[in-house]
Amino acid sequence: MNHIEIYTDGACKGNPGPGGWGVLLKSGSTEKELFGGELGTTNNRMELTAVIQALQALKRPCQVTLHADSQYVLKGITEWLVGWKAKGWKTAAKQPVKNVDLWQQLDAVVSSSGHKIDWRWVRGHNGDPGNERADALANRGVEQALAQR
């Protein structure tokens, strides 16, 4: 199984507002950058989209170390998801899960991909080179979305 290092980030200019997502994939000396954006979105939606796009870009099962600066994404996938599914996609407060479409998509990608994923939190805007590149890519995604108005 190939080992892939992934850095993901989301950005939003206004929340909600125009947003972007960015991904850096690294395997040995090979690197690939992905980014995109939407006009009417939120930061959390862009954080989730970045992770989904990153995992969907892998063509076969991989050993993945996924770095994200979003506690929302990391706690959601590692702690909250099981309970949400058991409660019919409701929170502990019996409210509908926000961004349920993306959570369901991420859950499907993770469960069907065969990837072995080590989820790691990285402090955003703190000089981590991979996170800084993912952040720059997310901001390119915002610019791309704004250019398509």
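Residues numbered from 1 in each chain as written. Predicted model: local features only at pLDDT ≥ 70, side-chain atom pairs only at ≥ 80, totals over all residues. Heavy atoms only, no water.

K.L.:
Sorry if this is basic, but what is going on with the overall build of the chain here?
P.N.:
Helices and strands together make up the secondary structure of the chain, namely four helices and five strands. The order of α-helices and β-strands along the chain, N terminus first, is β-β-β-α-β-α-α-β-α. Its C-alpha atoms give the chain principal-axis dimensions of about 45 × 40 × 25 Å. Counting only residues that meet the buried cut, the chain has 46% of its 149 residues in that class. Contacts in the chain between residues at least 24 apart in sequence constitute 66% of all its contacts with a sequence separation of at least 6. (Helix = DSSP H or I, 4+ residues; strand = E, 2+ residues; numbered from the N terminus. Buried < 20%, exposed > 50% of the residue type's maximum accessible area, 1.4 Å probe, protein only. Contact = heavy atoms within 4.5 Å.)

K.L.:
Help me understand unusual backbone geometry in this model?
P.N.:
Glycine aside, negative phi is the norm for most residues, and most peptide bonds take the trans geometry. The linkage connecting Asn 15 with the following residue, Pro 16, adopts the cis geometry, with an omega of 15 degrees. Among the secondary structure elements, Pro 16 is positioned in the loop between strand 1 (3-12) and strand 2 (17-27). A positive phi is found at Asn 99, a non-glycine position, where the angle reads about 60 degrees. Along the chain, Asn 99 falls in the loop between helix 2 (71-86) and helix 3 (100-113).

K.L.:
What am I meant to see in the packing of helix 2 against helix 3 here?
P.N.:
To describe two helices that pack against each other, one gives the angle between their axes and the distance between the axes. Where helix 2 contacts helix 3, the two axes come as close as 11 Å, and the packing angle between them is 90 degrees. By the criterion of interaxial angle, the relationship of helix 2 to helix 3 is roughly perpendicular. Where helix 2 approaches helix 3, its residues Tyr 72, Val 73, Gly 76, Ile 77, Leu 81, Trp 84 and Lys 85 are matched on the opposing element by Trp 103, Leu 106, Asp 107 and Val 110. In terms of residue class, the contact of helix 2 with helix 3 is made up of eight nonpolar, one polar and two charged. (Axes fitted to C-alpha atoms, helices over the stretch in contact; angles between N-to-C directions. Parallel < 35°, antiparallel > 145°, perpendicular 65-115°, else oblique. Nonpolar A, V, L, I, M, F, W, Y, C, P; charged D, E, K, R; others polar.)

K.L.:
Quick question: what am I supposed to make of the packing of aromatic side chains here?
P.N.:
For any pair of aromatic rings, geometry is given as the distance between the ring centres together with the angle between the planes. Under the defined criterion, the tally for this structure stands at three aromatic pairs. Geometrically, the ring pair formed by Tyr 72 and Trp 103 is edge-to-face, given 5.4 Å between the ring centres and 70 degrees between the ring planes. Separated by 31 residues along the polypeptide, Tyr 72 in helix 2 and Trp 103 in helix 3 bring together distant segments of the chain. Given a relative accessible area of 17%, Tyr 72 falls into the buried group. Judged by relative accessible area, which is 0%, Trp 103 ranks as buried. Centroid distance Trp 80 to Trp 84: 5.8 Å. Interplanar angle 50 degrees. Geometry classified as tilted. With Trp 80 and Trp 84 both in helix 2 and four residues apart, the pair spans about one turn of that helix. For Trp 80, a relative accessible area of 34% gives the class partly exposed. Relative accessible area serves as the criterion here: at 9%, Trp 84 is assigned to the buried category. Three or more aromatic residues link up through ring pairs in this structure, and these residues are Tyr 72, Trp 80, Trp 84 and Trp 103. (Phe/Tyr/Trp six-rings, centres within 6.5 Å; stacked < 30°, edge-to-face > 60°.)

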